[in-house]
Amino acid sequence: MSVIVVLILFSIMVAGGFLAAFIWAVKSGQYDDKYTPSVRMLFDDKEQTILNEKTNKTNS
Amino acid sequence: MAIKEVVFQDRELVCYHCGDTCPSDSISKDDKVFCCEGCKVVYEILNEKNLCTYYKLNESPGKTQKTLPLKNKYEYLDDEGLNGKLLDFSDGKISTITFFIPQMHCSSCIWLLENLFKIHPEIMQSRVNFVEKKLSVSFHSTKISLRQVVELLAFIGYEPQISFEDVEKKSKDYVNKKLYYKVGVAGFGFGNIMLLSFPEYLSIDVSSESLRTTFSYVIFLISLPLFFYCGSEYFISAFKGLRKKFVNIDVPLSLGILAFFGKSSYEIFAHGSPGYMDSLAGLIFFLLLGKIFQNKTYDVLNFERNYKSFFPISITVKKSGDEKTIPLSQLKIGERIVVRNGELIPADAILFSGEGNIDYSFVTGESAPVSKVVGEMIYAGGRQMGSSIELEVLKEVSQSYLTQLWNNFQAKDGVEFSFTGIANSLSKYFTFAILFIASTAFLYWIRIDANIAITAFITVLIIACPCALAMSTPFTLGNTLRIFGKNDFYVKNIRVLEDIAKIDTIVWDKTGTITKAGETEIEFVGDALSTEENTLVKSLVRNSNHPLSKKIFAAIEGPSILKVENFIEIVGQGIQGEIAGREIKIGGESFFKLNKTKEDQETIYETIPVPVSSEVYLSINDVVKGKYKIQNKYRDETDSVIKQTQKKYDSYLLSGDNETEKNYLVKLFGNEEKVFFRQSPLGKLNFIKKLQSEKKKVLMLGDGLNDAGALAQSNVGISISEDILNFTPASDAILNAKMFKNLPTFLNFTTISLKIIYASFCISILYNLLGLYFAVQGLLSPLLSAILMPISSISVVVFTTITTTFFAKRKGLL
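The model shown is predicted, which means the values in this text are computed figures rather than measured ones. Along each chain, residues carry numbers from 1 onward, in the same order as the chain's sequence is written. Lettering for chains starts from A, numbering for ligands starts from 1, and both go in the order in which the items are written. This being a predicted model, a pLDDT of at least 70 is required before a residue's local features are given, and a value of 80 or more before pairs of side-chain atoms are given or counted; all residues contribute to the totals for chains, interfaces and linings. The basis for every side-chain value is the complete set of non-hydrogen atoms in the structure, without hydrogens or water.

K.L.:
Which residues make up the overall build of chain A, and what values go with them?
P.N.:
Helix and strand labels come from DSSP, where a helix needs a run of H or I of at least four residues and a strand needs a run of E of at least two; each type is numbered from the N terminus. Within chain A, the secondary structure is distributed over 3 helices and 0 strands. For chain A, the N- to C-terminal ordering of α and β elements is α-α-α. Only protein chains enter the accessibility calculation, which uses a 1.4 Å probe; a residue is then buried when its area is under 20% of its type maximum, exposed when over 50%, and partly exposed in between. The buried share of chain A, taken over its 60 residues, is 23%. Here the Shrake-Rupley method, with its probe set to 1.4 Å, supplies the accessible areas, and only the displayed protein chains count as covering residues. Total accessible area on chain A stands at roughly 4600 Å², and carbon and sulfur atoms take up 66% of it.

Right, dumping it as structure tokens:
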């Protein structure tokens, strides 16, 4: 048949992939807490260096 | 610059850890001042473990450590059976548990709690859910016990709340997640079907007929999950409603969906054209979106709390001299329990030994403790303040005076309530009207052309599908719910909003509701005291730890330097002492052998103990000088709020207290018949019932456990709380006490929201009429439906959102 049918089927598969990804995201709890991750990502692992920088700034 | 200096000055005085003002700079370390040793110790630990980022993220993020938890408070956590019930998961080596920690308030808290593993190496991981104020901790249970984990948290100022309710199975409902799945599937279907329908919209001449048929089959395949999975709940709900002989909004919706699907399937297989599937997909998608929008929940708040959520999970029992900790559910009548300072009395009991000094603020909202002597009955729900006491249990936990109030209210939210709502009440007429129009069109056309007759009949059902009607309520009220939430008024769900709009009577509780919880005013009634006499009194009360003494001490200005001799304190009665040769006595009526009125005695023995003795007498050299009246402080806005609501609503006051403040209250409520005193919890409940039997819709405002029954019985129960994370009785809505002044605005705004809903009903019916005009003529094309359907839904959503926001701004709520 026409190439368009192949394209359509392919596009639906892609969309289906996104749907699956969405369902996985809901299932794995990514929608349970929408606030904490936004704070967590701002924490720095090397807290000591930050501390020094800050004190330097206030001194100067 | 000036501002900066002030900040610096402040900083010198406040505790580096908790931000409280420090009495002096005596407790300090590394140039940092602390208000108490507890705060300093926490700082030292964090400093040692290199966790001072805690203090860098926010200023003074800690919680004051002035009141340290008791040493063996968490002894019960060593109990294996209880342990297993609290843990989420355990394989013998590694355990996971989720705590509720209401103290969490800033990013520092998140940071510190997620770095617990740095404080104790045996804690593997800790994860915060800030919105729900929950912390889940995984730890090596062989190396560190649950009790140690809890004690560590308590030590750094994040004492978890563990309650009786936690032991009973945690059931988190996954209804919400299912809705997300459904929206995902519906969105997927909607998008793809729209794409595949494009050739039809644009009337593109599809070169081969077979391609068109293929497209239609693909559309049919995609619409199957939409119809059977996403649409199923409407059929189920409609069916349930019909079985109860009730035509709810889901009945016309299901009719529409069925007509859509049936007609389109026929088109697909008979003519190879996609029919109305795109409209159907859009319809289901929008409806589900509306459902998500109305399901705004406040995860951290609990509207269903009963006594279980604030009772402890275990209790210390004394058996033949040995103290043993047992789970509360195993407590039996006749057993002797030990209640320590700050612990809750879980069952009605008789004081066996010790000095009872019971704080009933949970129950009555009144914070002044009540004194109890050996042999007196103590009701459950009080908190012992002071030294430990021993009690003999009189009733089982579930049979206690207070807890029984709940047992009557199991089934308020039954099935019959789930179908209320404005849209539902209209849907009956709506459904019959559609069926009537459809049949008329059918009968008209059947004589001319049978084909057109069937098309007309079905397309009428399709176009009349009340999608916009069904969406106006969730979007308007969902938006209102959010606006209220921003103003610290947390409503359980949108149905409560509809109920609020219907009320005509308001019943107020007094203590803690129209008065400030925990704040009192002291007034001296009698001969004016000289400065010297004031000094005498202040010097005397300094020696007593009784809360009333402390209040009097704080109320009198001036020094308290005089030396007291022969100081005697008789528990539950009063204090006396000699200063400079003068004998001073302060105490309750019984201390002076004054006769109690009969009514007062009844209050003591028949209802939940409300501290009636909020008056203490003073005598100097056996001459009674007068009395100190300790009064509740009314909220600043009480006057205006009640005056404003009285214009529209019938208002009553139910107070558990005695009549000391009667004059003021009668004036406030305008009529002596509207103010009731000495009301027991059951009395309040019956009063609401009586009003309801007079066909009144009652709104009850209360705060304590003693209002719980009345709150549950009333049409709308609102509980007021100074701190919304603290205990509030089960209710339909929780109002932050700071927002008390906005109450009339909230009530007013709900009525406006309902008017907005009615307006949007009109809009959606206009669209329906327009569609019907074409449908009855058999002229409704799939394209027209595909345009009309989304436009009507979207315009209703836009209209309701804009108008609610506009009115909220005008009312000052946004």
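After that view, the rundown keeps rolling.
K.L.:
Explain the environment of Ala349(B) to me, using residue names and the numbers behind them.
P.N.:
Relative to the helices and strands, Ala349(B) resides in strand β10 (residues 349-353). Residue contacts for Ala349(B): discarding those within four places in its chain leaves Glu376(B), Met377(B), Ile378(B), Leu391(B), Glu392(B), Val393(B) and Leu394(B). The criterion used for residue contact is that any of the two residues' heavy atoms lie within 4.5 Å.

K.L.:
Describe the interface of chain A and chain B, naming the residues involved and giving the relevant values.
P.N.:
Counting residues at the interface gives 27 residues for chain A, matched by 28 residues for chain B. For the pair chain A and chain B, the summed buried surface comes to about 2500 Å²; carbon and sulfur atoms form 70% of the total. Here, a salt bridge means any Lys or Arg side-chain nitrogen found within 4 Å of an Asp or Glu carboxyl oxygen. Between chain A and chain B we count 1 salt bridge in total. Among the salt bridges present, the one from Arg40(A) reaches Glu114(B), with a minimum N-O distance of 2.7 Å. Two N or O atoms count as a polar contact when they lie within 3.5 Å, although within protein this holds only if one can serve as hydrogen donor and the other as acceptor, and sequence-adjacent residues are included solely when both atoms are side-chain atoms. Linking chain A with chain B are 4 residue pairs in polar contact (both at pLDDT 80 or more), by the criterion used here. Looking at which element gives the most residues to the side of chain A that touches chain B, the answer is helix α1 (residues 3-27) of chain A, with 11 residues. For the side of chain A that touches chain B, the class distribution of residues is 15 nonpolar, 5 polar and 7 charged. Using a 1.4 Å probe, buried area is obtained as the accessible area two parts lose upon being combined, added over both of them. Gly counts as polar in this scheme, as do all residues outside two lists: the nonpolar Ala, Val, Leu, Ile, Met, Phe, Trp, Tyr, Cys and Pro, and the charged Asp, Glu, Lys and Arg.

K.L.:
Let's hear about a nonpolar patch on the surface: which residues, and what values?
P.N.:
By definition, no residue in a patch forms a salt bridge, and every one has over 30% relative accessible area; like charges are joined within 9 Å, nonpolar side chains (Val, Leu, Ile, Met, Phe, Trp, Tyr) within 5 Å. A contiguous nonpolar surface patch, about 370 Å² in accessible area, is contributed by Val3(A), Ile4(A), Val6(A) and Leu7(A). A relative accessible area of 55% places Val6(A) in the exposed class.

K.L.:
Can you tell me about the pairing of strand β15 (residues 389-393) of chain B, naming the residues and giving the values?
P.N.:
Residues and elements named next belong to chain B. In terms of burial, β15 is largely enclosed, as 4 of its 5 residues are buried. Pairing between strands is defined by DSSP: at least two bridges between the two strands are required. Note that strand β9 (residues 336-339) and β15 share 4 bridges and pair antiparallel. Its bridge partner being in β15, Ile337 is matched across the sheet by Leu391. Where β10 lies against β15, 4 bridges are found, and the strand directions are antiparallel. Opposite Ala349, over in β15, you have Val393 as the bridge partner.

K.L.:
Any chance you could break down the packing of helix α11 (residues 232-243) of chain B against helix α12 (residues 250-271) of chain B for me, citing the residues and the numbers?
P.N.:
Helix-helix packing is described using two parameters, namely the angle between the two axes and the distance between the axes. Residue and element names in this part refer to chain B. Contact geometry for α11 and α12: axes closest at 8 Å, N-to-C directions at 130°. On the basis of their axis angle, the class for α11 and α12 is oblique. Where α11 crosses over α12, the handedness of that crossing is left-handed. Taking contact as the criterion, the partners of Tyr234, Phe235, Ser237, Ala238 and Leu242 in α11 are, on α12, Asp250, Val251, Leu253, Ser254, Ile257 and Leu258. Here an axis means a line fitted to C-alpha atoms, over the contact stretch when the element is a helix, while the angle between two N-to-C directions is reported on a 0 to 180 degree scale. Note on terminology: angles under 35 degrees are roughly parallel, angles over 145 are roughly antiparallel, angles of 65 to 115 are roughly perpendicular, and the others are oblique. Handedness of a crossing is defined here by the sense of rotation of the near helix relative to the far one, left-handed for an anticlockwise turn of less than a right angle and right-handed for a clockwise turn.

K.L.:
Explain helix α10 (residues 209-230) of chain B to me, using residue names and the numbers behind them.
P.N.:
All names here are of chain B. By this rule, a helix spans an expected 1.5 Å times one less than how many residues it contains. An ideal rise of 1.5 Å per residue puts 32 Å on 22 residues; α10 measures up with 31 Å between its terminal C-alpha atoms. Where α10 bends most, the angle comes to about 30°, and this point is Ser223, followed within four residues by the proline Pro225. Here α10 has its buried residues at Leu211, Thr214, Phe215, Ser216, Val218, Ile219, Phe220, Ile222, Ser223, Leu226, Phe227 and Cys230. We define the bend at each residue as the angle formed by axes fitted to the 7 residues ending at it and the 7 residues starting at it.

K.L.:
Just give me the short version of empty space enclosed by the protein, but keep the residues and values in it.
P.N.:
All names here are of chain B. A cavity here means a set of 1 Å grid points, computed over protein atoms only, where a 1.4 Å probe fits but cannot escape. A pocket is an open set with protein on both sides within 12 Å along at least 5 of 7 lines, and lining residues have an atom within 4 Å of a point. Grid points are joined across faces, edges and corners, and a volume is the space filled by probe spheres set on the points. Taken as a whole, this structure holds 5 cavities of 30 Å³ or more when the rule is applied. Those elements that provide at least two residues to the lining of the second largest cavity are α18 (467-486), α28 (743-775) and α29 (782-810). Looking at the lining of the second largest cavity residue by residue, the class counts come to 9 nonpolar, 3 polar and no charged.

K.L.:
Explain the nonpolar core residue by residue, including any values.
P.N.:
Residues and elements named next belong to chain B. Only buried residues count toward a nonpolar core, which is a set of Ala, Val, Leu, Ile, Met, Phe, Trp, Tyr and Cys residues joined through side-chain atoms within 4.5 Å. Judged by nonpolar contacts, the single largest core of 107 residues is most densely connected at Leu283, Phe489 and Trp508. With residues up to four places along the chain from it excluded, the contact list for Trp508 reads Ile514, Val641, Ile642, Thr645, Ser651, Tyr652, Leu653, Leu654, Phe669, Leu701, Phe740 and Leu743. Within the second largest apolar cluster, 53 residues are counted, among which are Cys18, Cys36, Trp111 and Leu146.

K.L.:
Explain the sheet that holds strand β5 (residues 123-129) of chain B residue by residue, including any values.
P.N.:
Residue and element names in this part refer to chain B. Taken together, the 4 strands give an open sheet; going across it, the order is β3-β4-β6-β5, and neighbouring strands pair in antiparallel fashion. Unpaired on one side and paired on the other, β3 (89-90) and β5 mark the two borders of the sheet. Where β5 and strand β6 (residues 134-140) come together, 6 bridges link them in antiparallel fashion. Across the sheet, residue Gln125 finds its bridge partner in β6, namely Ser138. Running at roughly 155° to β5, helix α5 (residues 107-114) makes contact with β5 and β6 of the sheet. Strands in contact with helix α7 (residues 146-155) are β4 (94-100), β5 and β6; relative to β4, the strand with the most contacts, it is inclined by about 40°.

K.L.:
Explain the domain arrangement of chain B to me, using residue names and the numbers behind them.
P.N.:
The figure often quoted for interface size is the accessible area lost as the parts come together. Each domain of chain B was delimited in the assignment, giving domain 1 (2-57), domain 2 (75-162), domain 3 (175-295 + 423-476 + 752-810), domain 4 (307-401), domain 5 (488-514 + 636-742) and domain 6 (516-633). Computed over C-alpha atoms only, the centres of domain 3 of chain B and domain 5 of chain B are separated by 43 Å. Domain start and stop points were drawn from an automatic or database domain assignment.

K.L.:
Tell me about the packing of aromatic side chains, residues and numbers included.
P.N.:
Residues and elements named next belong to chain B. Any two rings among Phe, Tyr and Trp, with Trp reduced to its six-membered ring, count as a pair given centres within 6.5 Å; such a pair is stacked if its planes are under 30 degrees apart, edge-to-face if over 60, and tilted if neither. Overall, the coordinates contain 36 aromatic pairs over all chains when judged by the stated rule. Both rings, one in Tyr54 and one in Tyr55, keep their centres 5.1 Å apart while their planes meet at 70°; by these two values the pair is edge-to-face. Classification of Tyr54 by relative accessible area gives buried; the value is 0%. Put simply, the rings of Tyr217, Phe220, Phe227, Phe228, Phe235, Phe261 and Phe269 pair up and form one aromatic cluster. For a ring to carry a charge above it, either NZ of a lysine or CZ of an arginine must fall within 6 Å of the ring centroid while also lying within 35 degrees of the normal to the ring plane. The ring of Phe352 carries Arg336 above its face, with NZ or CZ at 3.6 Å from the centroid. Between the NZ or CZ atom of Arg482 and the centre of the ring of Phe293, over which it lies, the distance is 4.0 Å.

K.L.:
Hey, could you go over the pairing of β4(B) for me, with residue numbers and the actual values?
P.N.:
All names here are of chain B. With 5 of 7 residues buried, β4 lies mostly within the body of the structure. Here β3 hands over to β4 after 3 residues, with Gly92 in that stretch at a positive phi of 95°. Where β4 meets β6, 7 bridges bridge the pair, whose relative direction is antiparallel. Bridge pairing in β6 places Ser95 opposite Phe139.

K.L.:
Go over the pattern of salt bridges with me, naming the residues and quoting the values.
P.N.:
Side chains that carry opposite charge are capable of pairing whenever their charged atoms lie near each other. Residues and elements named next belong to chain B. Considering all chains together, one arrives at 21 salt bridges over all chains under this definition. Notably, a salt bridge pairs Glu722 with Arg635, separated by 3.3 Å at the nearest N-O pair. Of this pair, Glu722 sits in the loop between β27 (716-721) and β28 (733-736) while Arg635 sits in the loop between β23 (623-634) and α24 (638-648), and the two are 87 residues apart along the sequence. Residue class for Arg635 comes out buried when judged on its relative accessible area of 6%. Notably, a salt bridge pairs Lys674 with Asp650, separated by 2.9 Å at the nearest N-O pair.

K.L.:
Can you tell me about unusual backbone geometry, naming the residues and giving the values?
P.N.:
All names here are of chain B. Positive phi values are uncommon outside glycine, yet Lys133 reaches one of about 55°. Looking at the secondary structure, you find Lys133 in the loop between β5 and β6. In this model, Asp488 sits at a positive phi of 60°, which is unusual for a non-glycine residue. Turning to its location among the elements, Asp488 is positioned in the loop between α18 and β16 (489-491).

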